[in-house]
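Structure assessment
Listed below are the residues making up each chain.
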Amino acid sequence: MAVPKRRTSKSKTKMRRASNSKMVPTGFVECPQCHEPKLPHRVCLSCGSYDGKEVVSVD
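Note that this is a predicted model, so its numbers are computed, not measured.

This paragraph deals with the overall build of the protein. What the protein contains, in helices and strands, is 1 helix and 4 strands. Along the protein, helices and strands appear, N-terminal first, in the series α-β-β-β-β. The principal-axis extent of the C-alpha atoms belonging to the protein is close to 65 × 25 × 15 Å. In the protein, which comprises 59 residues, the share counted as buried stands at 10%. In the protein, the proportion of contacts linking residues at least 24 apart, taken out of those at least 6 apart, comes to 0%. For the protein, the computed accessible surface area is about 5,900 Å², with 55% contributed by carbon and sulfur atoms. Positive and negative side-chain charges of the protein, numbering 12 and 5 respectively, have mean locations separated by a distance of 40 Å.

Turning our eyes to something else, we now look at the environment of D59. Residue position: D59 is located in the segment after β4 (53-54). Residue class for D59 comes out exposed when judged on its relative accessible area of 97%. C-alpha of D59 to C-alpha of S46: the two residues are 13 residues apart in sequence and 9.3 Å apart in space.

The next subject is the confidence of the model for the protein. Averaged over all residues, the pLDDT of the protein is 92; the fraction at 70 or higher stands at 100%. Within the protein, the element-level pLDDT minimum falls on β4, averaging 90, and the maximum on strand β2 (residues 37-38), averaging 96.

Relative to the helices and strands, S49 resides in strand β3 (residues 49-50). A residue is classified by how much of its surface remains accessible, and S49, at 8% relative accessible area, is buried. If sequence neighbours within four positions are ignored, S49 has contacts with C31, Q33, V43, C44, E54 and V55.

To continue, consider unusual backbone geometry. Only a minority of non-glycine residues have a phi that is not negative, and only a minority of peptide bonds are not trans. The phi angle at H35 is positive, at roughly 65°, despite the residue not being glycine. Along the chain, H35 turns up in the loop between β1 (29-30) and β2. Backbone geometry places D51, a non-glycine residue, at a positive phi of 60°. Mapped onto the elements of the fold, D51 is located in the loop between β3 and β4. Residue D51 is classed as exposed on the basis of its relative accessible area of 63%.

Reading guide: rules and limits
Throughout, residues of each chain are indexed from 1 in the direction in which the sequence is written. Only residues with pLDDT of at least 70 are given local features in this predicted model, and only at 80 or more are side-chain atom pairs given and counted; all residues enter the totals for whole chains, interfaces and linings. Here the side-chain values reflect all heavy atoms present in the structure, with hydrogen atoms and water set aside. Think of it this way: any DSSP run of H or I at least four residues long counts as a helix, any run of E at least two long counts as a strand, and we number them from the N terminus. In this scheme, a residue with accessible area under 20% of its type's maximum is buried, one over 50% is exposed, and one in between is partly exposed, where area comes from a 1.4 Å probe on protein chains only. Here, residues are in contact when the closest pair of their heavy atoms is within 4.5 Å. Surface accessibility follows the Shrake-Rupley procedure with a 1.4 Å probe radius. Residue values consider only the protein chains on display as shielding. Under the counting rule used here, the positive set is Lys and Arg, the negative set is Asp and Glu, and His together with the chain ends is not counted. All charge positions are set by atom: Lys at NZ, Arg at CZ, Asp at CG, Glu at CD. Values of pLDDT, ranging from 0 to 100, describe the predictor's confidence in every residue of the model.

In structure tokens form, the structure reads like this:
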């Protein structure tokens, strides 16, 4: 059975754990009603529509 020859240092362990914690930019989509950028699967903040219907009245 394979056994490591030396103990993995704390630095190498932390580097391996931190390799997946990068910042990822948020993906915006265009609202089909008002053409403003919005988050996907959420109500548009500028016109209040979702899935082609007005859900929230915006003044």
